[in-house]
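Next come the chains, spelled out residue by residue.
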Amino acid sequence: MSGTEGQLVLATSAPEAEAGQGLVARAAEAIRRASEWLYATQHPRGYWHAPLEANATMEAEFVFFNRMLGRDKPELDRQMAERLLATQQADGSWANYHGGPGVLSVTIEAYFALKLAGHATEEPALVRAREFILAQGGLAQAGVFTRIWLAYFGQFPWSRIPAMPVELNLLPAWFPINIYAMSSWARGTVVPLTLLMMHRPLIRVTPAEGLAELWRDEADARDPLFTRSRELVTTRNFFLALDAVVKWVGRSPWKPFRRRAIARAIDWVLRHQDSNGQWGGIQPAMLNSVLALHAVGFAIDHPAVARGIQGVEDFLVQCEGTLMYQPCVSPNWDTGLAARALLDAGVDPTHPSLAKAGEWLVANQIFRPGDFNVLNPTLEPGGWAFEFANDWYPDVDDSAVILMVLQDLPIARTPAGKRAIMHGLNWTLGMQSRNGGWGAFDTENTAEFLNRIPFADMEAMIDPPTEDLTGRLLHCMGTFGYGLDYGRVARAVAFLKRTQRADGSWWGRWGVNFVYGTWCALAGLKAIGEDMQAPYVRRAVQWLEAHQNADGGWGETIASYDDERLAGKGPSTPSQTAWALMGLIAAGEANGRVVERGVDYLVRNQNADGTWDEQEFTGTGFPRHFYLRYHMYRHYFPLMALGQYRTRVGGGVA
């Protein structure tokens, strides 16, 4: 401390400076080990890919899927049951994420799958599960998708499942309720579901396999209704009444548009099958599409069905000692972020590992029209998917990350690289919505009322612009030289200012949660040339600093989606610590004590093999309902943060 009387000046002491230099050296060694780990885990074709974990419905529904197709797979059933038993919690339930509260519908599906796989009702695991289910209200309180699965097996009355008439597929895009007003993931699931719900397949099960014991009483079994709102006039009550009307009309034998609607739905499903046999790159669309085609008469050996079954099986992966069913696969996302981490770590852009990654990414760009063209008919394609193949639904977030990576690689100066960047940037920026933000797969996908229909109990029917994606797109535009005077930038910054919470944080749609959103926003604002001393930026910095844990890291519980008072609170994790650090570094805080403590946390907690441990789910599928554990988040995000720290403080070459 130095200065004249009345003027306080903080100076870094010699011991503190030496300690800082020591931290830089330790960070450099951690960077070296982490980089070596990435080199060793890269696929020979140039991509990275690690398991993507969700909840127990994945394994359970794979068991249902095989049974519905008449596929006798005792060994797969055994392995799915092994996974289910390994993930059951002490209270008998299954949760949406490690250590989370038990979830009734997830537990019901796991329980039923175990019975179908040959486990007996009196086994301790099933006894505990049954006690949990009954304590939570039994089958009468099951969610919509669980009700539908059970109805296929005669275990739930179709009369108590929301209507989803196949004629929905005929409604034009300008009509308030139509498939293109839905999110891409809802659309890809709803279209085949309308065929299944029309045919109502019935799969016989033995009394021992049935679920009669999960009804709390006979009245529940006869009348498991959806609960109406207490107020007379609400959106929920309106749609419940509309559902009753649709069901009443559906009982009429006069259905003049039925044949055309069926043909339209079948054609849509067939056209939307990807080259690898999958649909939309996600489990719900894939399972429902195969089952729908089979229900309407496609043989099990029909090419579309056979390729679909193979596509479904391709999501199986060995994970931590058991066979796991993934909700999706993430090679392009993992590759873009792993390459970004190596670049931030100071790896030479000409390194063979980065060269192979760049070639892989350029080769997997999408140049065919997709569903986004329904509302944007003149927007030329050029994005990237999250998965190995998902040509109908390129992902805005993936595309932005990949574009920023390609720009820093030598391939950017080749004809193929220039073409990739030109088309990719045009498509990605063109996906901006009128409110200034970006959604993941569509524009103007904001029909909030769709999340209030009885079918939508997971509140995931739309894909509106979000803060985290908008921050990423600002980062992307800044990378390519756009500034604050560019119209798209100005609208995006205005979007972030409108959506910032009063405490200074931003919500995270695709990562948990406010730590993630705040990092994305700050990184984007920095890249685009915003004044990082602006009051609203400083509020975000103060929020991050205030939520550092005593161990130097950051963590945030998934429960913050349900209760924002928990925002920024939770045990420290490597990925969330990295997000907070990168947000603070973007805001100019790299030399601060808070950042040093965060870097020290990452260095201290690195394993000898160069990676980190992280059991927590820090990825988000549907807020409040479905979460993801990306098995590489624990690695490439900490490497990014350490690399950015070394560059800012230690003169690294990144």
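What you see is a predicted model; the values in this text were computed from it and never measured. (Residues numbered from 1 in each chain as written. Predicted model: local features only at pLDDT ≥ 70, side-chain atom pairs only at ≥ 80, totals over all residues. Heavy atoms only, no water.)

**Q** If you had to explain the pairing of strand E5 (residues 626–630) to someone new, which residues and values would you point to?
**A** Burial within E5 is extensive, with five of its five residues counted as buried. Neither face of E5 is left uncovered, since the one carrying Phe626, Leu628 and Tyr630 and the one carrying Tyr627 and Arg629 both have all their residues buried. Sheet topology places strand E1 (residues 52–53) next to E5; two bridges connect them, and they run antiparallel. When the bridges of E5 are listed, Glu53 appears paired with Arg629. Pairing of strand E4 (residues 619–622) with E5 involves three bridges; the strand directions are antiparallel. In the sheet register, Thr620 faces E5, and the bridge partner there is Tyr627. What sits between the antiparallel neighbours E4 and E5 is a turn of three residues, in which Arg624 has the positive phi angle 80°. (Buried < 20%, exposed > 50% of the residue type's maximum accessible area, 1.4 Å probe, protein only. Helix = DSSP H or I, 4+ residues; strand = E, 2+ residues; numbered from the N terminus. Pairing = 2+ DSSP bridges.)

**Q** Now, about the packing of aromatic side chains: what can you tell me, with residues and values included?
**A** Tallied over the full model, the rule gives 36 aromatic pairs. A ring pair is formed by Tyr47 and Trp360, whose centres lie 4.6 Å apart and whose planes are at 45°; its orientation type is tilted. Taken together, the residues Tyr47 in the loop between helix H1 (14–41) and E1 and Trp360 in helix H14 (residues 352–363) connect sequence positions 313 residues apart. Accessibility assignment for this pair places Tyr47 and Trp360 in one class, buried. With a centroid separation of 5.9 Å and 35° between ring planes, the pair formed by Trp185 and Phe622 is classed as tilted. With Trp185 in helix H7 (residues 184–199) and Phe622 in strand E4, this pair connects stretches of sequence that are 437 residues apart. The buried category is assigned to Phe622, whose relative accessible area is 18%. Aromatic ring contacts, followed pair by pair, group Trp333, Phe386, Tyr516, Trp519, Trp579, Tyr630, Tyr633, Tyr636 and Phe637 into a single cluster. Its guanidinium or amino end placed over the ring of Phe367, Arg419 lies 3.9 Å from that ring's centre, counting from NZ or CZ. Residue placement shows Arg509 over the ring face of Trp510; its charged tip is 3.7 Å from the ring centre. (Phe/Tyr/Trp six-rings, centres within 6.5 Å; stacked < 30°, edge-to-face > 60°. Lys NZ or Arg CZ within 6 Å of the ring centre and 35° of its normal.)

**Q** Kindly report on the packing of helix H13 (residues 331–344) against helix H23 (residues 633–650), identifying the contributing residues and their values.
**A** Think of two packed helices as two axes; the pair is described by the angle between the axes and how far apart they sit. Packing of H13 against H23 leaves a shortest axis separation of 7 Å and a crossing angle of 25°. Between H13 and H23, the interaxial angle falls into the category roughly parallel. You can see that H13 and H23 cross each other, and the crossing is left-handed. Between H13 and H23, the residues in contact are Trp333, Asp334, Leu337, Ala338, Arg340, Ala341, Leu342 and Asp344 and Tyr633, Tyr636, Phe637, Leu639, Met640, Gly643, Gln644 and Thr647, respectively. Residue composition of the contact of H13 with H23, grouped by class: ten nonpolar, three polar and three charged. (Axes fitted to C-alpha atoms, helices over the stretch in contact; angles between N-to-C directions. Parallel < 35°, antiparallel > 145°, perpendicular 65-115°, else oblique. Left-handed = near helix turned anticlockwise from the far one by under 90°. Contact = heavy atoms within 4.5 Å. Nonpolar A, V, L, I, M, F, W, Y, C, P; charged D, E, K, R; others polar.)

**Q** Which residues make up the sheet that holds E5, and what values do they have?
**A** On the basis of which strands lie adjacent, the open sheet formed by three strands has the order E1-E5-E4 and antiparallel pairing. Looking at which strands have only one partner, the edges of the open sheet turn out to be E1 and E4.

**Q** Describe the nonpolar core, naming the residues involved and giving the relevant values.
**A** In terms of nonpolar packing, the biggest core is built from 213 residues, with Leu406 and Phe637 touching the most fellow members. Of the residues forming this core, the biggest block, ten residues, is contributed by helix H19 (residues 514–528). The contacts of Leu406, once residues within four sequence positions are left out, are Gly358, Leu361, Val362, Trp384, Ile411, Ala412, Ala420 and Ile421. (Core = buried A, V, L, I, M, F, W, Y, C linked by side-chain atoms within 4.5 Å.)

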